[in-house]
Amino acid sequence: MMRKWEAVLGSLGILIALFIFGACSINSKDKDKVASNEKLKVVVTNSILADITENIAKDKIDLHSIVPIGKDPHEYEPLPEDVQKTSKADLIFYNGVNLETGGNAWFTKLVKNANKEENKDYFAASDGIDVIYLEGQSEKGKEDPHAWLNLENGIIYAKNIEKQLAEKDPDNKKFYKENLDKYIEKLDSLDKEAKSKFASIPNDKKMIVTSEGCFKYFSKAYNVPSAYIWEINTEEEGTPDQIKHLVEKLRTTKVPSLFVESSVDDRPMKTVSKDTNIPIYSTIFTDSIAEKGQDGDSYYAMMKWNLDKIAEGLSNLFTSNSGIIKKKKEIKK
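Because the structure is a prediction, the values reported are computed rather than measured.

Reading guide: rules and limits
One numbering rule holds for all chains: residues counted from 1, following each sequence as written. Per-residue local features of the predicted model are confined to residues with pLDDT of at least 70, and side-chain atom pairs are confined, for both listing and counting, to 80 or more; whole-chain, interface and lining totals are unaffected and use all residues. As a rule here, side-chain values cover all heavy atoms of the structure and leave hydrogens and water aside. Going along the chain from the N terminus, every DSSP run of H or I of four or more residues is numbered as a helix, and every run of E of two or more is numbered as a strand. Burial classes: relative accessible area under 20% of the type maximum marks a residue as buried, over 50% as exposed, and values in between as partly exposed (1.4 Å probe, protein chains only). Contacts were defined at the residue level, with two residues in contact if any of their heavy atoms lie within 4.5 Å. Using the Shrake-Rupley algorithm and a 1.4 Å probe, accessible areas are obtained, with residue cover drawn only from the displayed protein chains. When the strands point away from the viewer and the path from the first strand over the helix to the second turns clockwise, the crossover is right-handed. At least two bridges found by DSSP between two strands is the condition for calling them paired. By construction, the arc corresponds to the directions joining the helix axis to the C-beta atoms. Any two of the Phe, Tyr and Trp rings considered here, Trp counted by its six-membered ring, make a pair once their centres fall within 6.5 Å; the pair's planes then place it as stacked at under 30 degrees, edge-to-face at over 60, or tilted in between. A positively charged side chain is recorded as over a ring if its NZ (Lys) or CZ (Arg) lies within 6 Å of the ring centre. The angle to the ring normal must also be within 35 degrees. Axes here mean lines fitted to C-alpha atoms, for a helix over just the part in contact, with angles spanning 0 to 180 degrees between N-to-C directions. An angle counts as roughly parallel when it lies under 35 degrees, as roughly antiparallel when it exceeds 145, as roughly perpendicular when it falls between 65 and 115, and as oblique in every other case. Polar here means any residue other than Ala, Val, Leu, Ile, Met, Phe, Trp, Tyr, Cys and Pro, which are nonpolar, and Asp, Glu, Lys and Arg, which are charged; Gly is therefore polar. Residues adjacent in sequence count toward polar contacts only when both atoms are side-chain atoms; beyond that, a polar contact is any pair of N or O atoms within 3.5 Å, and within protein one must be able to donate a hydrogen and the other to accept it. For a helix, the expected span equals 1.5 Å multiplied by the number of residues minus one. The set of buried Ala, Val, Leu, Ile, Met, Phe, Trp, Tyr and Cys residues whose side-chain atoms join them within 4.5 Å is what this entry labels a nonpolar core.

**Q** Residue-level account of the overall build of the protein chain, with values.
**A** The number of helices and strands found in the protein chain is 10 helices and 10 strands. Across the 333 residues in the protein chain, those meeting the buried criterion constitute 45%. A fraction of 64% describes how many contacts in the protein chain between residues 6 or more apart in sequence connect residues 24 or more apart. Carbon together with sulfur atoms contributes 52% to the accessible area of the protein chain, which is approximately 18,100 Å² in total.

This is the structure we're talking about:
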């Protein structure tokens, strides 16, 4: 009788062991499955890079953008969430060209503390562009970072982002490439349209006047000279001497309109407008896209807005003294 119970218990033990082993095997397979289906963790430094990346990767990645929409990416203090996301990221994109690495070098500190390696974990989306420097400068640390304001550079950004996504996530390589091709076609079409628009504007009216001198890449791409109050965002913005210098310059031109960026204080440009009797035609985008649902809420949309508004502002006719905008179609012969 004892042997019979021992046999039963022995058989029961084997069944229990098989059950546990099977459960463990299933659990292990589930873990492997979860791991294989886990999305690539991607961190970008600003909203422009986030939108370009999203157009290529769509829902295949887990995306985190560091600098909030509407905030200045030149100077930023990362939040605890940014630090955590960066530490866990599979892939990180930053603009480069002295944007996040200049000033307080917040990005340099962030990736160093996260033990991330350049060109292994984090990459400059601007790699390969023709760099323009601040006026009178040509050395490292004096680069103008606003390369994305030329759509041809935006296309370079997109290609660089797609390349790294495909290398980190080869299973979705075809998906990324197809989206890249569609996106490039869209940006290229807008670029050609813009060049045609600006070619028709008289040379004596061709000048984009902004608060920050961030339109050098734009000027080169679309053959529209630029002028500004200050050259790059620092603590010295909109000083009386800066305003006086621009006002004197504008009095020797036939520039019909001024522009003010969405991310800066508009009071200095209002002073310029008052002193020159040249109206501010529109707000335009530079360092950030707009909030979702608003005009300019993507890289494509912000560039289209800028190109359209600048072309309109430089093409409009104005009364000689009042500074009131009158569009051509509103003027009666």
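**Q** Explain the pairing of strand β7 (residues 258-261) to me, using residue names and the numbers behind them.
**A** Judged by which residues are buried, β7 turns out to be covered on both faces: Leu258 and Val260 on one side and Phe259 and Glu261 on the other are all buried. For the handedness criterion, the β-α-β arrangement of β7, helix α9 (residues 267-276) and strand β8 (residues 280-284) is classed as right-handed.

**Q** Run through the pairing of strand β1 (residues 40-44), naming residues and quoting values.
**A** Counting buried residues along β1, 4 of its 5 residues qualify, which places the element largely inside the surrounding structure. As paired strands, β1 and strand β2 (residues 61-65) are joined by 5 bridges and run parallel to one another. Opposite Val42, over in β2, you have Leu63 as the bridge partner. Regarding topology, helix α2 (residues 47-57) serves as the crossover connection from β1 to the parallel β2, and that connection is right-handed. Both β1 and strand β3 (residues 91-94) contribute to a ladder of 3 bridges, which runs parallel. Paired with Val42 across the bridge in β3 is Leu91.

**Q** For unusual backbone geometry, give the residues involved together with the corresponding values.
**A** Its identity is not glycine, yet Lys58 carries a phi of approximately 50°, on the positive side. When you line up the elements, Lys58 lands in the loop between α2 and β2. At Asn98, a position not held by glycine, the phi torsion is positive, near 70°. Assignment of secondary structure puts Asn98 in the loop between β3 and α4 (106-113).

**Q** An account of α4 is needed here, citing residue identities and associated values.
**A** By the burial criterion, the buried members of α4 are Trp106, Phe107, Leu110 and Val111. Looking down the long axis of α4, one finds its buried residues gathered within 120° of arc, a one-sided arrangement. α4 presents Lys112 and Asn113 as exposed residues on the side facing more than 90 degrees away from its buried surface. Elements that come into contact with the buried residues of α4 comprise α3 (80-88), β3 and β4 (122-124). Directly after α4, the chain includes Asn115, whose backbone phi takes a positive value near 60°.

**Q** Before we move on, can you summarise the packing of aromatic side chains with the specific residues and values?
**A** Within the structure shown, the criterion is met by 12 aromatic pairs. With a centroid separation of 4.6 Å and 20° between ring planes, the pair formed by Tyr94 and Phe107 is classed as stacked. Here Phe107 lies in helix α4 and Tyr94 lies in strand β3, a separation of 13 residues in the sequence. Ring pairing ties together the aromatic residues Tyr76, Tyr94, Trp106, Phe107 and Tyr122, which thus form one cluster. One cation-aromatic arrangement involves Lys186 over Tyr300; the distance from NZ or CZ to the ring centre is 4.5 Å. Lying over the aromatic face of Trp305, Lys309 brings its terminal NZ or CZ to 4.7 Å of the ring centre.

**Q** An account of the packing of helix α6 (residues 173-199) against helix α10 (residues 299-315) is requested, with residue identities and associated values reported.
**A** Between α6 and α10, the shortest axis-to-axis distance is 10 Å and the interhelical angle comes to 5°. Taken together, the axis directions place α6 and α10 in an arrangement best described as roughly parallel. Mapping the contact onto sequence places Tyr183, Lys186, Leu187, Leu190, Glu193, Ala194, Lys197 and Phe198 in α6 and Tyr299, Tyr300, Met303, Lys304, Leu307, Asp308, Ile310 and Ala311 in α10. Here the residues of the contact of α6 with α10 sort into 11 nonpolar, no polar and 5 charged.

**Q** Account for the side chain of Ser126, with residues named and values stated.
**A** By secondary structure assignment, the location of Ser126 is in the loop between β4 and α5 (151-168). Residue Ser126 is classed as buried on the basis of its relative accessible area, which comes to 5%. Here the side chain of Ser126 touches Asn95 through a polar contact of 2.5 Å, landing on its backbone oxygen. If near-sequence neighbours (up to four positions away) are discounted, Ser126 is found in contact with Asn95, Gly96, Val97, Tyr157 and Asn160.

**Q** Give me the lowdown on the sheet that holds β1, citing residues and values where you can.
**A** With parallel pairing, the 4 strands of this open sheet are ordered in space as β2-β1-β3-β4. Every interior strand has two partners, whereas the edge strands, β2 and β4, have only one. The mean inter-strand angle of the sheet, taken between neighbouring strand axes irrespective of direction, is 20°. With respect to the sheet, α5 is in contact with β1, β2, β3 and β4, its orientation differing from that of β3 by roughly 170°.

**Q** Explain α5 to me, and be specific about the residues and the numbers.
**A** For α5, spanning 18 residues, the distance from its first C-alpha to its last is 26 Å, which sits close to the expected 26 Å at 1.5 Å a residue. The distance from a side-chain oxygen at the start of α5 to the backbone nitrogen of Glu152 is 2.9 Å, and the residue carrying that oxygen is Asn150.

**Q** So what's going on with the nonpolar core? Which residues, and what values?
**A** Of all hydrophobic cores here, the largest spans 57 residues; its most connected members are Leu165, Phe198 and Tyr299. Among the secondary structure elements, those contributing two or more residues to this core are β1, α2, β3, α5, α6, α7 (216-222), β8 and α10. Per-element accounting of this core gives the leading share, 8 residues, to α6. Those residues in contact with Phe198, other than ones at most four positions away along the chain, are Lys206, Phe218, Tyr222, Val224, Leu307, Ile310 and Ala311. Core analysis: the next-biggest nonpolar cluster, separate from the first, contains 16 residues, Met207, Ile229, Trp230 and Leu258 among them.

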